[in-house]
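Residue strings, one per chain:
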Amino acid sequence: MIEAINLSKQFERTVKQGRKSHKEEFLAVDQISLKAEPGEIVGILGPNGAGKTTLLRMLGMLMTPTSGQVRLMDREGNFIDDITQKKGLIGYLSGNTKLYPRFSIREYLLFLGDLYGYPKKEGIARTEEMIRVLAMEKFADNRIEKLSTGQVQRASIARCLMADPQIYILDEPTLGLDILSADAIIRFMEEQKEKGKTVLYSTHYLEEAQILCNRIYMIFQGRIVAEGTPLTIMEKTGTGSLRQAFHSIFEGVSQQGEGQGE
Amino acid sequence: MGKTWTLVKKEIFDILRDKKTLVIMVAVPILLYPAIIIGMVLVMNFMMQSREGESYTAAYGNEYRAEALRFQEVYEENQEELDIQLTFQEVPEAEKEAVKDSYDAWIHFMTDGQRVHIEVEYTSTDPNSSYAENALQELADMYCKELLSEKLDEKGLTEDFLYPVTYEAKDSVTVSESAGMSIGGSIGMMLVVTIMLGAFYPAIDVTTGEKERGTLETLLTLPVTNFQMIMSKYLAVSLFACITAVLSLLSLGGSVLFLLGSALAGASEEILHMEPAVFIGWIPILLLVVIVTALLVTAFSMCFCVFAKSFKEANNYITPVMLVVMFASMTAMIPSIQLDGRTALIPIVNVSLLIKQVLAQQMELTLAGVTIGINFCYSVLIIWVLAKMYNSENILFHDGFQSFRLFEKRSEIKKGTIPGTGDLLLSVVVLLLLILYLGTAVSVRSTFGGTLVNQFLILLVPLSVVWYMKSDVKSLFSLKIPSGKSALGGLLLYIGTFLFMLVVTAALTRILPESTQNVEQAFEEILNQPFILIVLVMTIMPAVGEEIFFRGFLFGGLRNRHGVFWGILLSSLIFGAFHMSIVKLLPTAMLGACFAYIGYRSGSIYIGMFLHFFNNLISMAVSKYPEQLGRFLSFLVKKELAGRDLIFMLVIGGLSGALGLILLKKERRDRNP
């Protein structure tokens, strides 16, 4: 289980007005509370710049929140305090989590095994298992810089799986992938859900989210503007698909925003 | 520990997989240095050899033929002693202008019967002509001697008549010592430079490279602390810096020995006289120095690399760093600069000087220990800063210049900005440089003037930074009238600290005997000034300036970013280091910590200012009127403290300090219920 309580993150940006410019602070994530339970896939939707990545980075312990907290529960149902331990429970995957190009997949996984504290033999066994499960035998000893996008994507999944985490946080995992690779990712998320893991993921592909997600949070300008199952969201907005619901929600919100701004 | 080790292994593995790094770190030292050195010598040898046996022609007019023929005779008699061959040609004076250019030199002989005057026309820009001139000069000396001994023979005299005194100097320095001295200065620089070369590329690779390749975010998802992350990177890079340095040293030493061996194949007896034991004795010390230097240089270069977004940018940052370090390491080449209590505190410079000392076999163990220790401390300090910086999301996810607000346009800086760690460190460095150059330049003419300039600079730097950043001076500098209770607490704490300081100073002077002669001389000039002027420049100005810089600006800024503990520790250590003396470092730092704590508890800088003024007043008074003061407070003036004095001071100091602490602690509670 992963839970965000009143999570906020403040950044600074330069505002240019003609030749003059000044700095101003703004909230990329503004008092967001959310929760994802074991055995469900939770989707985070929103336009570019809504704060999805910042939110997921805070949930993944990569960024410290300006205020609020993230609570994590381990396998036994205990809350964890230590950040390093929390990281050990999370498998985090985004477009920016690249792998060391000069390593081979096997070397990389062995290094991870060491780091996650597997004894030597178990580390090797786990590495071989990952290579087998993801069908990477043919290129497991090639340097990662020499691999194709799809192969790298499989290696990245292996990286996430290596520690057997309880919670998966995936930031636009299917972005820019071909249909086969994207399907592999989707299958991977469904498998994890069936295994009783918690999956939290952000995407721009609304059709994908509609099928896949148990629950959805839509965010805009750092705030949650809609939440619920895909079905309840469509019912609330009186639309037939998540895409239409998305449009109706964001049109409403931006008009409201402009109205307030005047 | 286990995780750090796994990470270190990963970093080493990653660096080793990069061919470019390997080339720079291994191929360059092993192949390039010997190639350059041996190649250079071979070319020089070749040039020398090609000159040997070469023949040059010199022409002379037919006017003073007898002298010219005599000159040629001298040449023929001494031909073996000259490196080159000369041919003489007689040309009638009338044809001279027409054929002048076809000869390497033109000789005019003149004589009045008593004395022969030889004039040589040559072209200094033409190497052939220049060589001929050199040979002719040598020949002229021989000619002179020949004539001289003829004349002496005529009178029945010997050479003793002309040279009744002979002089010979015998150097007590052994060959190995003088060789050590002459190469010692440059070895230090080479060592530092090779360490830098070894550290640069991996340093950029593990910091900026990781950012550029997009693997940093992956690294952040792993269950390791930021400290483990930065520490492992640091250790891996230092290791490579060490390896490069050792390889370079070996290949440099090897090629130098090879050359000496081949060049002095006949006369190598002397070289062989450098006992091997001496060499072996150097090795552990040099290795220790290499390691410490590698730690420091690596830390320093990584500090700059973490800011860079790309390789190119990292290179831009590191070039000036390299220049500064190179310049610092070159100071050892200046013969008059030696390792002493002062220079041992300056990083890089002290390493170069220590190597010079070691090679000249004049090493002092205390100073060597201080050098190694202080560089280690600097490294730890820089690593701490580095770890702090690496924690910052701004460096990991953004441009990375958040802790350097000073590089932003002033119009973009918000009102009330507090200087970041980078700004503070930069200010310290700038101030230090200004004092070293401007202050020293003035104090060469007048110590008093130098002190005045320094005090002015200490005030100027923080005020300009604070102006640029539009900081809230009142809260940053703690400009608040203190309560009576905290003033009393401060005074008591100061008395305690002061007594402890005296004890520590007494103990330190015993362990580290420092030459106080220079200091006393400089002081004399100051003490000759009227007392009122001394009070102004030596007590009031430092009290105001140093308090504003160290307690207001530095402690205020550091406390804001890193908390009170680190704020006090760092600001007081820097305060101690600013006094440029090993003996003073610790006591001054204690005093700084005391003032910083008082400022923190009371919320006012004024108590510290007053106590600082009082403190300097006492030490001025002790210097100017030692006898009068000695009558009342004997422990202030005594050079050696007796056991009874010590116990008295420790007890009184402890009591007073404890009482002061209690009062100050209460003060805080009263103010913030």
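In case you missed it, the structure is sitting above this.
As the structure is a prediction and not an experimental result, all values here were calculated from the model. (Residues numbered from 1 in each chain as written. Chains lettered and ligands numbered in written order. Predicted model: local features only at pLDDT ≥ 70, side-chain atom pairs only at ≥ 80, totals over all residues. Heavy atoms only, no water.)

Participant: Quick question: what am I supposed to make of helix H4 (residues 120-133) of chain A here?
Facilitator: Since there are 3.6 residues in each turn of an α-helix, residues three or four apart along the chain are aligned in direction. All names here are of chain A. Taking 1.5 Å of rise per residue, the 14 residues of H4 would be expected to cover 20 Å, and the 20 Å separating its terminal C-alpha atoms lies within 8% of that figure. Every buried residue of H4 is listed here: Gly123, Arg126, Thr127, Met130 and Ile131. Down the axis of H4, the buried set is contained in an arc of 135 degrees. They therefore lie on one face. The exposed residues of H4 that point more than 90 degrees off its buried face are Lys121, Arg132 and Val133. Of the surrounding secondary structure, the elements contacted by the buried residues of H4 are helix H3 (105-115) and helix H5 (149-162). Just past H4, the residue alanine 135 takes up positive phi, approximately 50 degrees. (Helix = DSSP H or I, 4+ residues; strand = E, 2+ residues; numbered from the N terminus. Expected span 1.5 Å × (residues − 1). Buried < 20%, exposed > 50% of the residue type's maximum accessible area, 1.4 Å probe, protein only. Arc of directions from axis to C-beta. Contact = heavy atoms within 4.5 Å.)

Participant: I'm lost on the sheet that holds strand S8 (residues 198-202) of chain A in this one. Help?
Facilitator: Each strand in a sheet pairs with its neighbour through backbone hydrogen bonds, running either in the same direction (parallel) or in the opposite one (antiparallel). Residues and elements named next belong to chain A. Reading across from one edge, S6-S7-S8-S3-S9-S10 is the order of the 6 strands in this open sheet, with mixed pairing throughout. The outermost strands of the open sheet, each flanked by one partner alone, are strand S6 (90-94) and strand S10 (223-228). Between one strand axis and the next, the sheet turns through 15 degrees on average, direction left out of account. Pairing between S6 and strand S7 (residues 167-171): 5 bridges, direction parallel. Bridge assignment links isoleucine 90 to a residue of S7, and that residue is isoleucine 167. Each of S6 and S7 touches H5; the most contacted strand, S6, lies at about 160 degrees to it. Set on the sheet, helix H8 (residues 230-237) makes contact with strand S9 (215-220) and S10; between it and S10 the angle comes to about 105 degrees. (Pairing = 2+ DSSP bridges. Axes fitted to C-alpha atoms, helices over the stretch in contact; angles between N-to-C directions.)

Participant: I'm lost on the interface of chain B and chain A in this one. Help?
Facilitator: The extent of an interface is frequently quoted as the accessible surface area lost upon association of the parts. On the side of chain A, 35 residues touch chain B, which itself brings 34 residues to the contact. Both sides together, the interface formed by chain B and chain A hides about 3300 Å², and carbon and sulfur atoms give 52% of it. At the surface where chain B touches chain A, the tally comes to 6 salt bridges. Its salt-bridge partner being B:Glu217, residue A:Arg57 comes within 2.8 Å of it at the nearest N-O pair. Applying the counting rule to chain B against chain A returns 13 residue pairs in polar contact (both at pLDDT 80 or more). Listing elements by their share of the side of chain B that touches chain A, those giving two or more residues are helix H1 (2-16), helix H7 (175-213), helix H8 (216-221) and helix H15 (393-397) of chain B. No other element matches the 8 residues that H1(B) contributes to the side of chain B that touches chain A. Its residues placed into classes, the side of chain B that touches chain A shows 9 nonpolar, 9 polar and 16 charged. (Buried area = accessible area lost by both parts, 1.4 Å probe. Salt bridge = Lys/Arg side-chain N within 4 Å of Asp/Glu carboxyl O. Polar contact = N/O pair within 3.5 Å; in protein donor to acceptor, adjacent residues only side chain to side chain. Nonpolar A, V, L, I, M, F, W, Y, C, P; charged D, E, K, R; others polar.)

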